[in-house]
Amino acid sequence: MDDIQFKELVLQQLQILTEGQAKLEVGQAKLEAGQANIKTRLNRLEEGQKEIRNELKYVWEDIKKIDNRLSAQEEETYMLKQMK
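What comes next concerns the included structure. Note that the structure is a prediction, hence the values are computed from the model and not measured. (Residues numbered from 1 in each chain as written. Predicted model: local features only at pLDDT ≥ 70, side-chain atom pairs only at ≥ 80, totals over all residues. Heavy atoms only, no water.)

What to know about the overall build of the protein chain
Where we set the bar: Numbering goes from the N terminus for both helices and strands, where a helix is a DSSP run of H or I of at least four residues and a strand is a run of E of at least two. Per-residue accessibility, obtained with a 1.4 Å probe over protein chains only, is compared with the maximum for each type, and a residue is labelled buried under 20%, exposed over 50%, and partly exposed between these values. Surface accessibility in these figures is a Shrake-Rupley result with a 1.4 Å probe; residues are shielded only by whichever protein chains are displayed. Charge counting follows a simple rule: Lys and Arg are positive, Asp and Glu are negative, and His as well as the terminal groups are ignored. Where a charge lies is defined by one atom per residue type: Lys uses NZ, Arg uses CZ, Asp uses CG and Glu uses CD.
Per the secondary structure count, the protein chain includes one helix and zero strands. Summarising its shape, the C-alpha atoms of the protein chain cover approximately 120 × 15 × 10 Å along the three principal directions. For the protein chain, the proportion of its 84 residues judged to be buried stands at 0%. When the accessible surface of the protein chain is totalled, it reaches about 8,400 Å², and 59% of it is carbon and sulfur. Charge separation in the protein chain, taken as the distance between the mean sites of 14 positive and 16 negative side-chain charges, equals 8 Å.

Remarks on the pattern of salt bridges
Our working rule: Any carboxyl oxygen of Asp or Glu within 4 Å of a side-chain nitrogen of Lys or Arg constitutes a salt bridge here.
Across all of its chains, the model carries two salt bridges by this definition. When the shortest N-O distance is used, the salt bridge between Glu47 and Lys50 registers 3.6 Å. Note that Glu47 and Lys50 are positioned in helix α1 (residues 3–83) at a spacing of three residues, about one turn of the helix.

Regarding a nonpolar patch on the surface
The following threshold applies: Here a patch means residues that are over 30% exposed by relative accessible area and free of salt bridges, tied together within 9 Å if like-charged and within 5 Å if nonpolar (Val, Leu, Ile, Met, Phe, Trp, Tyr).
Among the surface-exposed residues, Met1, Phe6, Leu9 and Val10 lie close enough to one another that they form a single nonpolar patch of about 410 Å² accessible area. Mapping Val10 onto the fold places it in helix α1.

Side note on the environment of Leu56
Along the chain, Leu56 turns up in helix α1. Spatially, the C-alpha atoms of Leu56 and Asn43 are 20 Å apart, while their sequence positions differ by 13 residues.

Some details on the environment of Lys57
Among the structural elements, Lys57 can be located in helix α1. Each C-alpha atom of the pair Lys57 and Ala36 lies 32 Å from the other, and the pair is 21 residues apart in sequence.

This is the structure:
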């Protein structure tokens, strides 16, 4: 192999490496975009969970009110039956 052939071989290999590097960079950019998308979705999910927890507090408050009213009704019914 003479000097010119060696240089051509080195240039070919360098071209292959350069193309491979470009493909890797494109792949990395896609991965980073996907990660950003996942972070956005995760943030939305977390916000939704916060909203559900907040609404759940109100639901439990309503359940407690209903339970208290039911207990009062049960006591009143019991007293009325005792009066008969």
